[in-house]
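# Structure assessment
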Amino acid sequence: MPTPQSSPPLPTTMPDHPGVSAECRKMSSILTIVGDKWTVMIVMVLVERPRRFNEMKRTIGGISQQMLTRTLKALERDGMVSRTVYPTVPPQVEYALTELGQSLSVPLRHLGGWARAHTEQIEGNRIRYDLAKDAGEPGAFPAAQSA
């Protein structure tokens, strides 16, 4: 008669997302903010020097006031941006990168360099893909062009 094998103990709590570890969920929330296009643009603008809200809004084309506010608050919450209010009338508010925000600018500069170096190649691939798709030929996408 076979002997029953012992099974691993059952977890005391079930994960919120089966198959995803708590560490992955933590990292995912961080990558969501640091990988956001507006975060990238704000960090790259602030890496030069501290700036006021409207100066950033003018410098970053296409960002709404609401999105700039929301992203700055998220970056401040995460400790990447500091917000300084000066006692003037009207009050002046200045945003600057913290040491943590400065450290984020390093990989973002590399990512920006990669994007600049591959822009033409990616745009060409997109055009070829769209043309093949518009021609209605499933699976007819020509191989991507590599450098």
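Rules used throughout
Residues numbered from 1 in each chain as written. Predicted model: local features only at pLDDT ≥ 70, side-chain atom pairs only at ≥ 80, totals over all residues. Heavy atoms only, no water. Helix = DSSP H or I, 4+ residues; strand = E, 2+ residues; numbered from the N terminus. Buried < 20%, exposed > 50% of the residue type's maximum accessible area, 1.4 Å probe, protein only. Contact = heavy atoms within 4.5 Å. Areas by Shrake-Rupley, 256 points an atom, 1.4 Å probe, with all protein chains shown as cover. Pairing = 2+ DSSP bridges. Polar contact = N/O pair within 3.5 Å; in protein donor to acceptor, adjacent residues only side chain to side chain. Axes fitted to C-alpha atoms, helices over the stretch in contact; angles between N-to-C directions. Parallel < 35°, antiparallel > 145°, perpendicular 65-115°, else oblique. Nonpolar A, V, L, I, M, F, W, Y, C, P; charged D, E, K, R; others polar. Core = buried A, V, L, I, M, F, W, Y, C linked by side-chain atoms within 4.5 Å. Arc of directions from axis to C-beta.

### Overview of the overall build of the protein chain
Helices and strands together make up the secondary structure of the protein chain, namely five helices and three strands. Helices and strands in the protein chain line up, N terminus first, as α-α-β-α-α-β-β-α. In the protein chain, which comprises 147 residues, the proportion classed as buried is 21%. Once local pairs closer than 6 in sequence are excluded, the contacts in the protein chain between residues at least 24 apart make up 41%. When the accessible surface of the protein chain is totalled, it reaches about 11,200 Å², and 58% of it is carbon and sulfur.

### So, the sheet that holds strand E2 (residues 81–86)
Taken in spatial order, the three strands line up as E1-E3-E2 in an open sheet, and their pairing is antiparallel. This sheet does not close on itself; its edge strands, each paired only once, are strand E1 (51–52) and E2. For E1 and strand E3 (residues 92–97), the ladder comprises two bridges, and the chain directions are antiparallel. Bridging across to E3, Arg51 finds its partner in Tyr95.

### Re the side chain of Arg51
Structurally, the position occupied by Arg51 is in strand E1. Within the structure, the side chain of Arg51 is placed 3.2 Å from the backbone oxygen of Val45, a separation counted as a polar contact. Among the polar contacts listed, one links the side chain of Arg51 to the side chain of Glu55, at a separation of 3.1 Å. The residues touching Arg51, leaving out its near neighbours within four places in the chain, are Val45, Leu46, Met56, Thr59, Val93, Glu94 and Tyr95.

### Observations concerning the packing of helix H2 (residues 37–46) against helix H4 (residues 65–77)
It is at 10 Å that the axes of H2 and H4 come closest, and there the two elements cross at 75°. Between H2 and H4, the crossing angle belongs to the class labelled roughly perpendicular. In this structure, H2 uses Trp38, Thr39 and Ile42 to contact H4, whose residues at the interface are Met67, Leu68, Thr71, Leu72 and Leu75. In terms of residue class, the contact of H2 with H4 is built from six nonpolar, two polar and no charged.

### Observations regarding the nonpolar core
Across soluble globular proteins, nonpolar side chains have a tendency to be buried as a group. Grouped together as the largest cluster of nonpolar side chains are 22 residues, with contacts concentrated most on Ile42, Leu46, Met56, Leu68, Leu72, Val81 and Tyr95. Sorting the residues of this core by element identifies helix H1 (22–34), H2, helix H3 (53–59), H4, E3 and helix H5 (99–134) as the ones contributing at least two each. Among the elements that make up this core, the one with the highest residue count is H2 (five residues). For Val81, the residues in contact, after removing those within four places along its chain, are Leu46, Leu72, Leu75, Glu76, Tyr95, Ala96, Leu97 and Thr98.

### Thoughts on the pairing of E2
With six bridges joining them, E2 and E3 adopt antiparallel strand pairing. The partner of Ser82 across the bridge, within E3, is Ala96. In this antiparallel pair of consecutive strands, E2 and E3, the connection spans five residues.

### A look at H2
Looking at H2, one finds that the buried residues are Trp38, Thr39, Ile42, Val43, Val45 and Leu46. One face of H2 carries all of its buried residues, which in axial projection span an arc of 165°.

### Quick word on the side chain of Thr39
Mapped onto the elements of the fold, Thr39 is located in helix H2. Here Thr39 falls in the buried class, since its relative accessible area comes to 0%. The residues touching Thr39, leaving out its near neighbours within four places in the chain, are Ile33, Val34, Thr71 and Leu75.

Without other data, these values stay purely geometric and don't point to any function.
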